Each structure stands twice: as structure tokens, then as C-alpha cells.
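Take a look at the letters that make up each chain.
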Amino acid sequence: MCLAIPARVTTIDEGHMATVDIMGVTRKVSLDLVPEAVIGDYVLVHAGFALQVIEEDVANETLQMLKEIPFFEEEAGLNVLEEA
Amino acid sequence: MDLTGFRDPEIARGLIDAIAATADRIGREVKIMEVCGTHTVAIAKNGLRAVMPENVTLLSGPGCPVCVTANEDIDIAIELARRDDTIVTTFGDMMKVPGSYSSLSREKADGRDVRIVYSPLDALALAEKEPDKQVVFVAVGFETTIPLIAATIHRAQEQGLTNFSVFSAHKTVPLALAALANDPEVQIHAFILPGHVSTIIGSEPYRFIAEEYHIPGVITGFEPVDVLQGIYMLLKQIDEGRAEIEIGYHRGVSATGNPTAWALVEKYFKPVDADWRGIGVIPGTGLGLRPEYDAYNAVVKLPVSPPPPKQIKGCQCGDVLRGVILPYECKLFAKGCTPEHPIGPCMVSSEGSCAAYYRFTDYGKA
Amino acid sequence: MYRPDFDDDALKRLDDAASLEFPAGRVAFSTDTYVVNPIFFPGGDIGRLAVCGTVNDVATSGATPLYLSVGFVLEEGFPIADLRRVLISMKDAAREAGVHIVTGDTKVVEKGHGDGIFINTAGIGSLPDGVDLSGSYCKPGDKVVLSGTLGDHGIAIISTREGLSFETTIETDAAPLNRLIANVLAAAPNTRCFRDPTRGGLASTLNEMATASAVNITVDETAVPVNPQVRGASEMLGYDVFQVANEGKMVAIVPAEQAEAALAAMKASPYGEQAAIIGNVEEGKGKVYVKTSFGATRVMDMLVGEQLPRIC
């Protein structure tokens, strides 16, 4: 229900504003909701506001886990067969 | 940030296989509702319905803020635009949505000052630039968007701007899910929970859905792999007989959400009853400005009296929004009702489920 | 003031009508009216648009564009300096395209009855015998060749709009493509048609051709060149890049056996360096599909009305 896209904080400006980079496009966004953001952070941007700092490591961990799911499922499937 | 992994066909295939295996073990029919319109679009755009096992049905829910905005509220926005001293600003999404008699885009064509902004801050900047005009921001949206409006009012207050106000037609999600769970016409076994709403509110506010209604929910991201992951996690819960609220979208959501953002919302807004188009009034699912901020409340400051609202005949948006029917099961879908000549809001909004199905799929078309 | 800027022999004679040398054979004739806000934007202005747009429309028929007419509607008070800037840009674009602006007219309307400046141009070109191109000639097996990146013009314009302000280095792609078309036709003489995906973008153009030829077209999303900034801005605004306007791009439908030759000719032409083969024509009933990077297939829908930035 709400588009929000990752953007990198390139400068922190006056008045809780920051300049962010989205694939080479720059725009000013407000840091009112994420005062903790620092230069270099990725933030989720929605309608001109940063909503949250996002961690690249977390994204990579999720992907790593997802890659392993089919193997777990295979085992679960075998278990079911064995029980049957 | 590189998100290509979340569009990786290899990873997707692994998940699709895992979904098939789990659904097979479950054996019975599973109806999963994607609450959020952005999920509806992601599902339609990526053809995910076609890769679902036969016993898994994806239903679209009420998570398109524009679609659930009541006729009455759009009529008020239109009346505000008709005031000579007023500039109405809003998100592009709202422009074409029909009220009882008109739409903001029709009013603009008729010469009213209606402007599209990307951010509420752009509306604030306009108010600064046009001190002789009243600038009203017509605010629709869920928890994702509401903190932005609160922060904008806060800035207006700090700047001492007296010509900026907000018409709040906001809605909140968790209690609406309870209304769906209580609706005897609606049958849902699991919820794909909205990613960015949860960025703000975290996972806790949904807890009661799992505990009281025993319906599992997974907070899910918006890339195709994210959505498949969410579906897989839900099926796994059902298979294991669990009903919990889990987070799949870890990179964007923490269990506690964004407390700074929600504190701002609570400072300026208080829960009120809200009229959801097609569903009716759900107590406590709206947010109205607190009376101490009347100076920023457009309907208090610039009173308007729209004519009595009129409902749209033959439109089944209400059934679509509750997941009772799929968009292409509506009698008007692709016949009387198309994005070019929309009858109901679900066909107007770009994330309305009817528009998403019409635009990206062949369902229901001759 | 137009004459010194356009500096054309036919115009200099000050007659009511231009009399022109014209090769024997058929004539291609097209007209369009240009309204754009703002009139000056990154990489171009309404003048360049008005010349390139009509040159390209004439050229898509396979004709060599030769002469243009121009009509201005000016709102009272429109700055002379701005008009001069527009005129110079038209002159430059005409010279680049190798066409002559041979007749013109100006009307001034009261303040409030116009929006600064509107420009109409009409163009005629000579159509060689045997050249017969049409969007209704696409056949299953044909390839879709695109001359470069999508969406640059639309994003350049929107980046200047009040209330949406964001910064990019994206410029309009407005350019005359008559030489590119001539080169492709020479290299791939059985080309079925050319279309410039202007308003409504690639999506509208392909849908029109698919309907006219009663075929389906499938585009491979990963093959379509898009400037990363255009992609970034589109994601931010919720735009579908296939629906964003272009003013200097050409789509050619070419039989498979000539597709590589057409591609090479495009790449060797001005404004065609980033050309790519982006899709196939298939049996069908007039639908256009996108094979997404994720491997799924979806419908490529036409733009309805105006593209609006959205948050949902």
C-alpha cells in the first residue's frame, strides 16, 4: 500500500534534512522520523521522508537463508514419506 | 543497495518448489489474503498467481488507501478545492478517484487549483510561497504515511505557518483485519501483512490476530522473492499447526517498528471511527487531528458542506476489497469498468486490485 | 524577426506561399502541435521538440523530410528573449536534420488565453518508390529493434516540475532521427515499420502495432536499455518506464533475418549507439507482454490519461 525505496544518504543538511541518492537521482528527504541516520546509511524513502535505516547485511542474510529453503523442504518431504 | 537477489529466478524457483511441497502436505484449500495493494501489484506484475499450487488461492485485501477512501471524504476534498482561497494538494494517486459527483482531476480541469505533490513537505513549501492562499493537504494513507503528515504539521507549527492545514482521511490497518476475520462472508486462512506499514508499527499490533483468531500472518517485502518467501512462511505455519505473526521482511521491519515515528503520530492524532468504502465503519481505524491542533485541521478551519453522497451502482469494489470475490469475478470487470472508464475506485488507483489485474494479466478478458 | 533566424531562401522572398523544388514521386505529410511545460528543460526546449517531432513523424514513413512549416501561438507578454531562444533552437534542429523551414505564421492571444507559447509544425518529405511501411505489416517471427534508452525525455520534464523537485543529470533525448531511419532502411530494406514512442511511451507504440497487425509482441525486460537515473526516478515516482515519453527514440519492426543488420545500422547512426533488439513478434491477437527480469510474463499495458506520480 505504500511505495518505499532504498536510498543512500549522501549529505546531512540543515533542519533534519538529508540529500539521498537513488540510482543517481538525488532528492532532499526529511530525517524527522530517523534522526539516527548517518551519511552512507541506506534508508527506506516514502514520499520525501526516510522511514527507517535498512541494513544491507540483513538483506544478504535473508537471501542466504532463502537459498537453503529448498534443501530443508526436501528433507521435510523425505520425512513425510518415511512416516507414511 | 543491490536488491537483485530478491528478483533472482533461481531463488524464486526454489521457493516455488518449497511452496508446492508444503501445500501438498497441507492437502486442503488455503486462502491467503495479501492485505496491501503494493503486494497485489507485485503479485500481478510478476505472474505469481500462476505459480501457486492448485489448493492455494491469493485474495486481494483492503490495503489500497485510495480504494477504501469513502465517497464522502472525496466529496469533502472536492468542496475544499472549490473554495476560491484554497489550493488543494495531494498525492497523484488521489486525482482520478471518483467521489459522488466529481474527482479532483475533473475539478482541476475546471480551473480549480489542485496540485500534485510527491511529498507533504512540497505542500508545506507551497504554503510558504503562497501566503495569501490556504494550502490544504488531502491526506490519505495508512501507518506508513501518517507519520509524514504528523511531521509536516510539526514543521508548519515550528515555522509558524498559518495557511497550511490537513484533511485527514487516514486509516489504520490492524483492526480492519479483525473486521475481516469476523466477517462471515470472508474466509481467510492467512494474511500476507504489509511491509511498510509494519516498518512503522512493527509486528506487535497484529499479535491479537494470531492469538484471538488463530490466523497466521507474515510481514512481507515487495520484491517477487519477498512475496514468495511470505507465502512459504505462511504455509509452513499452517502445515505445522501454528498461528503466529512472523517477519519475513527483516531488512525493512523490526519487531518494534519506528517508535520515533509513532510518537509523532500520537502527539497530533487520536483514533476515531473510519468509514471504509465497501466495508463500512470500523471503530478506531481512523486518525483525526487532536482538537488542540484545530488550526491545522482543514475541515474545522475551512468548513465545507458537500451534497449528500451517492453510491456507485453495480460496483462490487466492496466485495473485492474484502476478498469475497476476485477482481475478474466482478460483473463489470473489463466490461463496463476499465482503467480508461473506471466505475469503482479499485479500477482507478494504480494499486487497486482491479487495476492491477486489468493492467498486468489476461484474467477476465475475452 | 523569424527570417534572420531561419534564413531560408523560400522564406526570404516574403511571398504568401513558398514554392519549392520537390523530387518526383510520392509525398509524406505530417503535422503536430507542441505544448510543453516548462518550455525550456534539461537538454532542450519546445523549439527543438517541434522540429524533431515532425521530422521524425515524416521520417517514420520511410520518406526523406524536406520542408517544414511553423505556426506560433504566443500569449501576450511572452518574453522576446525566450522567443529568440526558441527560434535559434528550431533553426539548429532544422539544420541538423537537413530540413528547411519554408513558411510560418504567428498569432498573439490575450494574456490568460494561452500558456506562453504553442507551436505547430507540419512537414513534407519525399517518399521513394517501393517504400511502403506500416504498423499493420508486423509478422510473427519479426524482431523489435529499439534505438536507445527509454524514458529520458519524460523524466527530464518531470524533474523540473514544481512540487516534485529532484535532481538528475538526465536530459531530453529530443533528436532528429531521419538519418538513422534512412540508414536502417538501407541496411534492412524489408523493415516493416518505424514508430517513435513519444507520449505513452513504448507501451502505447507496441500496443498500437500489435493491434494493427493482429499479432502479439513480447519484450524481454532485461534487453531494454534504460539509463539508471531514469530507473531510479521511475521507482521513486511509481512510474512504469515503458509508459514514459521519448522524443528521440525509434522502434523498428524488422524481419528476423535482417534484424542484426538493422541493429548494426542503428548503432552506427547518430543517436543510435545504445540500440538493442528487445523483443519478438508472435502469433496472437494484438497483445503485448513483458518477460520480466524475474522470468515471469506480464501484460504491457497502455498508459491511460496522464502519468501521475504516486506513493502507493
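Residues numbered from 1 in each chain as written. Chains lettered and ligands numbered in written order. Predicted model: local features only at pLDDT ≥ 70, side-chain atom pairs only at ≥ 80, totals over all residues.

1. Focus: the interface of chain A and chain C
How big an interface is tends to be expressed through the accessible area that disappears when the partners come together.
Thinking step 1. Each side of the interface is counted separately: chain A has 12 residues, and chain C has 13 residues.
Thinking step 2. When residues of the side of chain A that touches chain C are assigned to their parent elements, the largest contribution, 3 residues, is made by strand 3 (residues 25-30) of chain A.
Thinking step 3. Here the residues of the side of chain A that touches chain C sort into 8 nonpolar, 3 polar and 1 charged. (Contact = placed C-beta atoms within 7 Å. Helix = DSSP H or I, 4+ residues; strand = E, 2+ residues; numbered from the N terminus. Nonpolar A, V, L, I, M, F, W, Y, C, P; charged D, E, K, R; others polar.)

2. Focus on helix 10 (residues 224-239) of chain B
All names here are of chain B.
Thinking step 1. Between its first and last C-alpha atoms helix 10 spans 23 Å; for 16 residues at 1.5 Å apiece the expected length is 22 Å, and the two agree.
Thinking step 2. Within helix 10, 15 of the 16 residues are buried, which leaves it mostly tucked inside the rest of the structure.
Thinking step 3. Of the residues trailing helix 10, Gly241 is marked for its positive phi of about 70 degrees. (Expected span 1.5 Å × (residues − 1). Buried ≥ 20, exposed ≤ 12 C-beta atoms within 10 Å, placed from the backbone.)

3. Notes on the packing of helix 3 (residues 46-59) of chain C against helix 4 (residues 80-97) of chain C
Residues and elements named next belong to chain C.
Thinking step 1. It is the contact of helix 3 with helix 4, at a shortest axis distance of 7 Å, that shows an interaxial angle of 30 degrees. With respect to helix 4, the axis of helix 3 lies roughly parallel. Like other packed secondary-structure pairs, helix 3 and helix 4 cross with a definite hand, here right-handed. Of the residues in helix 4, those touching helix 3 at Ile46, Gly47, Arg48, Ala50, Val51, Cys52 and Val55 are Val86, Leu87, Ser89, Met90, Ala93, Ala94 and Ala97.
Thinking step 2. The residue inventory of the contact of helix 3 with helix 4, partitioned by class, reads 11 nonpolar, 2 polar and 1 charged. (Axes fitted to C-alpha atoms, helices over the stretch in contact; angles between N-to-C directions. Parallel < 35°, antiparallel > 145°, perpendicular 65-115°, else oblique. Left-handed = near helix turned anticlockwise from the far one by under 90°.)

4. Some remarks on the environment of Leu161 of chain B
Residue and element names in this part refer to chain B.
Thinking step 1. Secondary-structure assignment places Leu161 in the loop between helix 6 (146-159) and strand 6 (164-168).
Thinking step 2. Measuring from C-alpha to C-alpha, the distance between Leu161 and Ala127 comes to 7.6 Å, with 34 residues separating the pair along the chain.
Thinking step 3. The residues contacting Leu161, other than those within four sequence positions of it, are Ala127, Glu128 and Ala156.

5. Structural notes on the nonpolar core
Thinking step 1. Core analysis: the largest hydrophobic core is formed by 251 residues, its most contacted members being Val43 and Ala50 of chain A.
Thinking step 2. Per element, the largest residue contribution to this core is 9 residues, and it comes from helix 10 of chain B.
Thinking step 3. Once residues within four sequence positions are removed from consideration, Ala50 of chain A is found in contact with Val29, Ser30, Leu31, Leu33, Val34, Ala37, Val43, Leu44 and Val45 of chain A. (Core = buried A, V, L, I, M, F, W, Y, C linked by C-beta atoms within 7 Å.)

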